[in-house]
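Chain and residue survey
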Amino acid sequence: MTFTHDGKLIHSVAFTVLAASAILGWREHKAKLIVLLTFLGMAIEVVQGAQLIGRGPDVFDWVADCVGMACGITIASWTKWHWITNPPKRPDEYPDREIDCQEAMEAGFRAIVDCMLEAGWTRGEIMRSLRRLVAADNMTQRENAKVEAKLAIARAMVSASRPRQGHGPTSGVST
């Protein structure tokens, strides 16, 4: 058995993402999710132990899976809790709304950064990755807006080309 930080980091990050994603969609079954992910980590090691893929089992990989799972569930659970307890002060626009939003996200942001630092990423890597995620989200929003605009135009064109019932040249004429 060898202990390599890269392999453990990959296991930990993979299970962080997997657990966070799963718990957001399957929140009411948290205990089942924990059992499922724990056994998934074990199953991965059992398959590796079968020598079918040229790798051996490593109990520390499974430990890294469990650490990642705990981190992912904690982040997702905290995020959901934080969303509920820190909504905007008012539903309409107000001068400090963006500052309030930043303050509401700050603890979650710090939790994510701390978790990634503990996993072995550097602060620079984390910040560059966050900037790329924000840029990717902005691009996705722009592309979605373009698609929505095209769909609205297409719907309007289809609607305009359909004759309205009771308004055409044959309305009121019986055959």
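Given the structure is predicted, the values throughout are model-derived calculations rather than measurements.

1. As for a nonpolar patch on the surface
On the surface, a cluster of nonpolar side chains totalling about 320 Å² of accessible area is made up of Val59, Phe60, Val63 and Val67. Locating valine 63 in the fold gives a position in helix H3 (residues 59-85).

2. Details of the packing of helix H4 (residues 97-119) against helix H5 (residues 123-161)
Direction vectors running N to C along H4 and H5 enclose 130 degrees, while the axes themselves pass 9 Å from each other. As summarised for this structure, H4 and H5 are arranged oblique, according to the angle between their axes. Viewed along their axes, H4 and H5 form a crossing whose handedness is right-handed. Taking contact as the criterion, the partners of Phe109, Val113, Met116 and Leu117 in H4 are, on H5, Arg123, Ile126, Met127 and Leu130. Across the contact of H4 with H5, the residue classes break down as seven nonpolar, no polar and one charged.

3. Overview of the nonpolar core
Counting nine residues, the largest nonpolar core consists of Phe15, Ala19, Ala20, Ile23, Leu33, Leu37, Met69, Ile73 and Ala76. At four residues, the largest contribution of residues to this core is made by helix H1 (residues 5-25). With sequence-adjacent residues up to four places away left out, alanine 20 is seen in contact with Gly72, Ile73 and Ala76.

4. Section: the confidence of the model for the protein
Should the pLDDT be low somewhere, the predicted coordinates at that spot are not to be read in detail. Residues with a pLDDT of 70 or more make up 85% of the protein, whose mean pLDDT is 80. The lowest-confidence element of the protein is H3, averaging 77 in pLDDT; the highest-confidence one is H5, averaging 89.

5. What to know about the side chain of glutamate 45
Along the chain, the position of glutamate 45 falls in helix H2 (residues 30-49). The contact partners of glutamate 45, leaving out residues within four places of it in the chain, are His11, Gly56, Pro57, Asp58, Asp61 and Trp62.

6. Some remarks on the pattern of salt bridges
As enumerated under the stated definition, the model contains five salt bridges in all. A salt bridge links lysine 89 to aspartate 100, with the nearest nitrogen and oxygen atoms 3.6 Å apart. With lysine 89 in the loop between H3 and H4 and aspartate 100 in helix H4, the pair connects residues that are eleven residues apart, well separated along the chain. Relative accessible area serves as the criterion here: at 66%, lysine 89 is assigned to the exposed category.

Thresholds applied
Residues numbered from 1 in each chain as written. Predicted model: local features only at pLDDT ≥ 70, side-chain atom pairs only at ≥ 80, totals over all residues. Heavy atoms only, no water. Patch = residues over 30% accessible without salt bridge, like charges linked within 9 Å, V, L, I, M, F, W, Y side chains within 5 Å. Areas by Shrake-Rupley, 256 points an atom, 1.4 Å probe, with all protein chains shown as cover. Salt bridge = Lys/Arg side-chain N within 4 Å of Asp/Glu carboxyl O. Helix = DSSP H or I, 4+ residues; strand = E, 2+ residues; numbered from the N terminus. Axes fitted to C-alpha atoms, helices over the stretch in contact; angles between N-to-C directions. Parallel < 35°, antiparallel > 145°, perpendicular 65-115°, else oblique. Left-handed = near helix turned anticlockwise from the far one by under 90°. Contact = heavy atoms within 4.5 Å. Nonpolar A, V, L, I, M, F, W, Y, C, P; charged D, E, K, R; others polar. Core = buried A, V, L, I, M, F, W, Y, C linked by side-chain atoms within 4.5 Å. Buried < 20%, exposed > 50% of the residue type's maximum accessible area, 1.4 Å probe, protein only. pLDDT = per-residue confidence, 0-100.

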